[in-house]
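What follows is each chain in one-letter form.
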Amino acid sequence: MDGQLIIWADDTRTPIFKELAREYTEMTGIIVTVYEMTMDAITEQVVTASPAGEGPDLIVGAHDWIGRLVRNGTIAAIDLPEALLMQFDPVTIEAMSFEGKLYGVPYSREGVALLYNKDLVPEPPKTWDELVALTREITNPAIGQYGFIVELPFPYNSFPVLSALGGYIFGQSEEGTLLMDDIGLDSVGMILGATLIDWLIEEGLMPGEIPWETMTGLLRRKGWNGNHRTLEYSSRRKWRSKRGVAPIPTICGQRPRPFVGVSGHSGHRVLPQQGNYTRLYREPVCNQRVDVENFEMDPRPSAFIPAFEETKDDPIMNAFAESISFGMPLPNVPEMNVVWSVWNDAMTLICNQTLSPHEALKQAAQVLEDTFSN
């Protein structure tokens, strides 16, 4: 219907977009209706509705949906004016792109950083050698105390270590397209990074298995050093007073590259209200207002630099943003579902000392090559 926009958003973003919708309607006369749905429901139902030309004009969600939604023809490429494009963190534009085209407007970013207990570590380590020295000083396995922890074997949070010396998942073309025939799990950098983790476990400086729940529980109670996402702890003032956040220490002079997760909104491919959506996402005040309010509801660094500037007095967000600035987007292709499973199996074999990093990662890369070639 002319003069309308329909938005699907999750419970966190729905109140923000409803307020924006009210103001946008007053400003333009365009009626914007926002429906609250779970993230899973958004991804599944938009795919179902798309072939019939139904569904929302705009969906709000994570960037790692994009590859799947582009391939099944659900979302449309968009064109941002260069002046507006330059106001976003470049890594977030890369994350919302697929095969050289932009498929959404980013509004927040997240990634891992080093969290530390100020009572134990007044100044965070800046190099891997400093981190290992502190870990030796603090660690006492007999009482279950470790100077450094990271979720294991699942490799999301340990990826900064695996990537620092050149490890990667997929190669990229000059245009930024991910290459499914260039698997990086057995790259030299990935194997070297896994060897560092393997060595910490062999030395008794880190447990070989640290589930997410265990890691977050330890951080709540004792505040040991570790990798963590922006999610949850960044907004807890009591936690802030005793804990610090810093970029992950360099390894052999190289910067660890955490995965960067990005949230944004994308337009439906069969979009009867293309002009209205274009007007919405091209309006800088809308981007800034949405990002600032998103930060207040769900504290993560804004993707839109003018909005981030409004929250720069938050030292926790600044530290996470600095760590994210060294990162790379989490690959947004559906093949990652297979990668996570195979990669996690390989890291399990490394962390329980069953196979060497070289053996486990070579084996994993071969499995992926065989899978994708078929």
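One structure accompanies this document, and this report is about it. (Residues numbered from 1 in each chain as written. Predicted model: local features only at pLDDT ≥ 70, side-chain atom pairs only at ≥ 80, totals over all residues. Heavy atoms only, no water.)

Glancing now at the packing of helix α8 (residues 188-202) against helix α16 (residues 357-373). Helix-helix packing is characterised by the crossing angle of the two axes and by the distance between the axes. With their axes 9 Å apart at the nearest point, α8 and α16 run at an angle of 135° to one another. Our classification of the angle between α8 and α16 gives oblique. For the element pair α8 and α16, the recorded crossing hand is right-handed. Facing α8, whose interface residues are Met190, Ile191, Ala194, Thr195 and Asp198, α16 presents Pro357, His358 and Leu361. For the contact of α8 with α16, a count of residues per class yields 5 nonpolar, 2 polar and 1 charged. (Axes fitted to C-alpha atoms, helices over the stretch in contact; angles between N-to-C directions. Helix = DSSP H or I, 4+ residues; strand = E, 2+ residues; numbered from the N terminus. Parallel < 35°, antiparallel > 145°, perpendicular 65-115°, else oblique. Left-handed = near helix turned anticlockwise from the far one by under 90°. Contact = heavy atoms within 4.5 Å. Nonpolar A, V, L, I, M, F, W, Y, C, P; charged D, E, K, R; others polar.)

Once that is clear, we can look at the pattern of salt bridges. Counting across every chain of the model gives 9 salt bridges. Linking Arg13 and Asp10 is a salt bridge whose minimum nitrogen-to-oxygen distance equals 2.8 Å. On the basis of relative accessibility, which here comes to 7%, the residue Arg13 falls in the buried class. Looking at Asp10, the relative accessible area reads 6%, which means it is buried. Ionic pairing is found between Glu44 and Arg68, a salt bridge with its closest N-O pair at 3.4 Å. A residue pair is termed long-range when its members are at least 10 positions apart, and Glu44 in helix α2 (residues 39-49) and Arg68 in helix α3 (residues 66-71) qualify at 24 residues. Through salt bridges with shared partners, one network takes in Glu19, Arg22 and Glu26. (Salt bridge = Lys/Arg side-chain N within 4 Å of Asp/Glu carboxyl O. Buried < 20%, exposed > 50% of the residue type's maximum accessible area, 1.4 Å probe, protein only.)

Another point: the pairing of strand β6 (residues 105-110). Counting buried positions along β6 gives 6 out of 6 residues, so the element sits mostly inside the fold. Sheet topology note: the β6/strand β13 (residues 259-267) ladder contains 5 bridges and is antiparallel. Across the sheet, Ser108 pairs through a bridge with Ser263, a residue of β13. (Pairing = 2+ DSSP bridges.)

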